[in-house]
Amino acid sequence: MTTPQWRIRDLQELCARRVVACISQGDTFLQEQLQYLPPAALEGLWAFAAETDRLTDALVAAALNRESLLDAVELGRVPLGVTERGLRRGLRALPPATQSIRVGWPAHFGPCDWLVQALYSRSKDGATPLLKLELRAAGLGGGQGGVVPTHWTRTGQQDAAEERPAPKPSSALLGRARAAAHSEEACLLHVTDGAIKSMLRSAATDQGGLEVLSIAGAREAEGRFADALREHTALKDLRFRDAPLVSDDAAAALVEACASTLEAADVSRTGAGPRCAQALSGCALLRRCAVDGCDLFDDDALDTLLASSALEELSCRRCPKLAAGACWRSCATLGIHLRRLRCDLRRGGISKLRARREAALRLIRDEDASDSEESLDAATASTLDDLPPFDASWRGTSLAFLSCALVGFDNTQIRDVWLQALLAKLPKSLVDLDVRGSWDGSVRPLAASLEHVQGILPNLERVGGFAVAHVVARPPLVSKFASIKALDIACSALTALDVGALLHTLDTLQTASLRATSANAVGDAALKSNIETLDLEGLRFGSLLLDRLPRLRVLRLTRCAVQKLGVKRAPLLNELNAAQCAGAFCGVRGVDSSAPERLRSLRRLRAPSDAFAAAFARAGTALKSLTLEDAMVSHENDDDDAARATLGGVLRARAATRAAYLGNEAPHLDGLVSLELLRARDFTAKHFAALPLACPALRRLRLPPPAHRPR
């Protein structure tokens, strides 16, 4: 009988699981002892409990007591185990050392008076001044997953000793959330102007008050709390976004309330317009500004903002009144200090250029113009709209980052012409370039080749968003892209051989996303690179061998056809995603038998078939998350070899043999937290019945739609 391979990490997880289970069952003695734990231990328990949706009122109360040394309280999505009553009791007064609080507002908690009371009580106790307050909309429980501190590693990514950060004497984090990103539907319920005023006045001190205020998703607020904001005389960062009821005047009043100290402002998706731009231009220290999605922000507002400020970072995406010509001219001639720019280059739209063009057409029009002449005028105007408006040269010498979207095009060839004209006007100082043909990146403008782009911009380290006509990984490319770190391109002629050659020649590459837009010839590839994240889409591999990838942590194969998957060296691979893949590697014999054994660090797996998932579930990997696209159990008797090759067979075998980690097999599925079965056709009741014993840590189970569920 073989001896299980124990690790300190496994023992830590077992201890944390047992402690959290006892807390959840109401062990009062253990709850009382929690307050005496050091910050690092509390942080570890918080992280594990949050990841498994077992964060409870008792743990909150213990972590946030008055004697706590925690200096940052960060709650993402508050999970179902924490009640509003628990937060009222646990947050009666924030720990005295806390300088930062970040709360993702749960939709099921009512008014925010509990947080106001906690801030007020803390201020009366003479605690350390609060410097950062952040509120944002979040969902209801689940998936918030605390981020484990670097000195308490549970991910299996064991870095070298010299690369691991030294433990901190006191914790600076408390369960940082992997919360969902802001969405249009996200909303801070009951967070009105009055509630925000109460929070600001409770957090105000004689020492200047907050330095950072961030509120996102307050759709009931109108931004009328400038009087309370003036009490915070040290405010440097103001972020009040996703609030459609805020008018241009209200946004301007907020900016003016802290104009003398403001260094960064974000008023995205509000009613900010010319009046707010005028207020922003009066902030002498302003360096970063975002006005994304502001319907009233037009060409004149952009001119005002750039002409009177020394902005270094600007984001003005999805502003419908900003046209390409005016936006480029303002940024190129007035934004001489810009280092980072995010913008849309929109064809047509409301602009001075269009008005001047229409006036010129009226001058040359004959008074007795016929229908044909009017059509000619319209055609001429459309043709002028197609011309690239990048006449102005870029005056600044500091621009290092540019992310833009070429939108408003019906003709793909015109969009490609604009891309070529834009590349020719960009400054040589550019290091990071991302040009897309749509906001979501699904449309890509076409450039000639990577060599052509590098010849224009020799200092590029990160490039992507567009497509290229061809990829040639030859020695000249290596010398030209000697410092390239990130690459995101699409190519209709991309083959498996090109991928292998490209990764082998660009030895500085850290992140790559390579997409084949059309089906090409099948080829073999042996990947050798120091890359850390690799996304491949639409490629056809005869044999895909992870030959020498010592730093690879994430591998995503999307809509790829693979006949054989092999692994030689990928010791740090943490996530393998094979979404919508096809080929023999989805079957029993398509995966090299040694491949799962060599991927001991694998924690997240998306498998195209149950046979593929079973190969990894039976090996030495300790999976945390498993997503299965197609579960097919075609044998009634799970005792034969063919049935055991399926995930259902593995689960039943694990349930039958599991006994306190004894047996010939290591605990491969005992740590599984999330299981998703997207299209389980023959995953029957007996296989579901095996889940509690086979996967004791399972907290999230996603079943297929009713039409595909087993009976």
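Look up a bit, the structure's there.
The structure reproduced in this document is the subject of the present report.

What counts, and where the lines are drawn
- Residues numbered from 1 in each chain as written.
- Predicted model: local features only at pLDDT ≥ 70, side-chain atom pairs only at ≥ 80, totals over all residues.
- Heavy atoms only, no water.
- Helix = DSSP H or I, 4+ residues; strand = E, 2+ residues; numbered from the N terminus.
- Buried < 20%, exposed > 50% of the residue type's maximum accessible area, 1.4 Å probe, protein only.
- Contact = heavy atoms within 4.5 Å.
- Areas by Shrake-Rupley, 256 points an atom, 1.4 Å probe, with all protein chains shown as cover.
- Pairing = 2+ DSSP bridges.
- Axes fitted to C-alpha atoms, helices over the stretch in contact; angles between N-to-C directions.
- Arc of directions from axis to C-beta.
- Core = buried A, V, L, I, M, F, W, Y, C linked by side-chain atoms within 4.5 Å.
- Parallel < 35°, antiparallel > 145°, perpendicular 65-115°, else oblique.
- Left-handed = near helix turned anticlockwise from the far one by under 90°.
- Nonpolar A, V, L, I, M, F, W, Y, C, P; charged D, E, K, R; others polar.
- Expected span 1.5 Å × (residues − 1).
- Phe/Tyr/Trp six-rings, centres within 6.5 Å; stacked < 30°, edge-to-face > 60°.
- Right-handed = clockwise from strand over helix to strand, strands pointing away.

**Observations concerning the overall build of the protein chain**
Point 1. Within the protein chain, the secondary structure is distributed over 23 helices and 27 strands.
Point 2. Expressed as a percentage of its 711 residues, the buried residues of the protein chain come to 52%.
Point 3. Summarising the internal contacts of the protein chain: among those between residues at least 6 apart in sequence, 68% fall at separations of at least 24.
Point 4. For the protein chain, the exposed surface amounts to about 30900 Å²; the carbon and sulfur share of it is 51%.

**What to know about the sheet that holds strand β22 (residues 561-567)**
Point 1. Overall, parallel pairing links the 3 strands, which are arranged β18-β20-β22 in an open sheet. Whereas interior strands pair on both sides, the edge strands pair on one side only; in this sheet they are β18 (523-528) and β22. For this sheet, the mean inter-axis angle between neighbouring strands, taken without regard to orientation, is 20°.
Point 2. Each of β18 and β20 (540-548) is contacted by helix α18 (residues 496-505), which is oriented at about 15° to β18, the strand it contacts most.

**Looking at the pairing of strand β23 (residues 575-579)**
Point 1. Within β23, 5 of the 5 residues are buried, which leaves the element mostly enclosed by the surrounding structure.
Point 2. Burial of β23 is two-sided: the residues Glu575, Asn577 and Ala579 facing one way and the residues Leu576 and Ala578 facing the other way are all buried.
Point 3. Pairing of strand β21 (residues 554-558) with β23, which is carried by 5 bridges, proceeds in the parallel orientation. Of the residues in β23, the one forming a bridge with Arg556 is Asn577.

**Concerning helix α11 (residues 299-307)**
Point 1. Among all positions of α11, only Asp299, Ala301, Leu302, Leu305 and Leu306 are buried. On an axial view of α11, the arc spanned by its buried residues comes to 160°, and they lie on one face.

**Topic: the nonpolar core**
Taken as a class, soluble globular proteins show a tendency for nonpolar side chains to be buried jointly.
Point 1. Residues Phe240, Phe297, Leu314 and Leu433 are the most contacted members of the largest nonpolar core, which totals 168 residues.
Point 2. Dropping the residues within four chain positions of it, Leu433 is found in contact with Leu402, Leu423, Leu426, Leu457, Leu460, Arg462, Val463, Gly464 and Phe466.

**Details of the packing of helix α6 (residues 113-124) against helix α7 (residues 193-203)**
Point 1. Their axes nearest at 8 Å, the elements α6 and α7 cross at an angle of 15°. When the interaxial angle is binned, α6 and α7 end up roughly parallel. Handedness of the crossing formed by α6 with α7: left-handed. Mapping the contact onto sequence places Leu115, Val116, Leu119, Tyr120 and Ser123 in α6 and Ala195, Ser198, Met199 and Ser202 in α7.
Point 2. Looking at the contact of α6 with α7 residue by residue, the classes come out as 6 nonpolar, 3 polar and no charged.

**Structural notes on the packing of helix α10 (residues 274-281) against α11**
Point 1. Taken N-terminus to C-terminus, the directions of α10 and α11 make an angle of 5°; their axes are 8 Å apart at the nearest point. One element, α10, and the other, α11, form an angle in the roughly parallel class. Packed against α10, whose contacting residues are Pro274, Ala277, Gln278, Leu280 and Ser281, the element α11 presents Ala301, Thr304 and Leu305 at the interface.
Point 2. Its residues assigned to classes, the contact of α10 with α11 comprises 5 nonpolar, 3 polar and no charged.

**Things to note about α6**
Point 1. For α6, built from 12 residues, the straight-helix expectation of 16 Å at 1.5 Å per residue is met to within 8% by its first-to-last C-alpha distance of 16 Å.
Point 2. Buried within α6 we find Trp114, Leu115, Val116, Ala118, Leu119, Ser121 and Arg122.

**Details of the packing of aromatic side chains**
Point 1. The tally for this structure, following the rule as stated, stands at 5 aromatic pairs.
Point 2. Seen from their ring centres, Phe225 and Phe240 are 5.2 Å apart, and the 75° between their planes marks the pair as edge-to-face. Of this pair, Phe225 sits in the loop between β6 (212-216) and α8 (226-229) while Phe240 sits in strand β7 (residues 237-241), and the two are 15 residues apart along the sequence.
Point 3. Between Trp328 and Phe390 the ring centres are 5.4 Å apart and the planes differ by 70°, which places this aromatic pair in the edge-to-face class. Here Trp328 is found in helix α12 (residues 324-334), whereas its partner Phe390 is found in the loop between α14 (371-386) and β12 (401-407), with 62 residues between them in sequence. Comparing Trp328 with Phe390, the two get one shared label, buried.
Point 4. In textbook terms, an aromatic cluster arises when at least three aromatic residues are bridged by ring pairs, as seen for Trp328, Phe390, Trp394, Phe409 and Trp418.

**Side note on the environment of Gly437**
Point 1. For Gly437, the position within the fold is in the loop between β13 (432-436) and β14 (446-449).
Point 2. Taking the C-alpha atoms as reference points, Gly437 and Thr412, 25 residues apart in sequence, are found 9.0 Å from one another.
Point 3. Those residues in contact with Gly437 that sit more than four places away from it in its chain are Leu406, Val407, Arg415, Val443, Arg444 and Pro445.

**Here's the deal with the pairing of strand β11 (residues 340-346)**
Point 1. Burial analysis of β11 places 5 of its 7 residues in the buried class, the great majority of the element.
Point 2. Regarding topology, α12 serves as the crossover connection from strand β10 (residues 313-316) to the parallel β11, and that connection is right-handed.
Point 3. Pairing between β11 and β12: 7 bridges, direction parallel. For Leu341, the partnering residue across the bridge sits in β12 and is Leu402.

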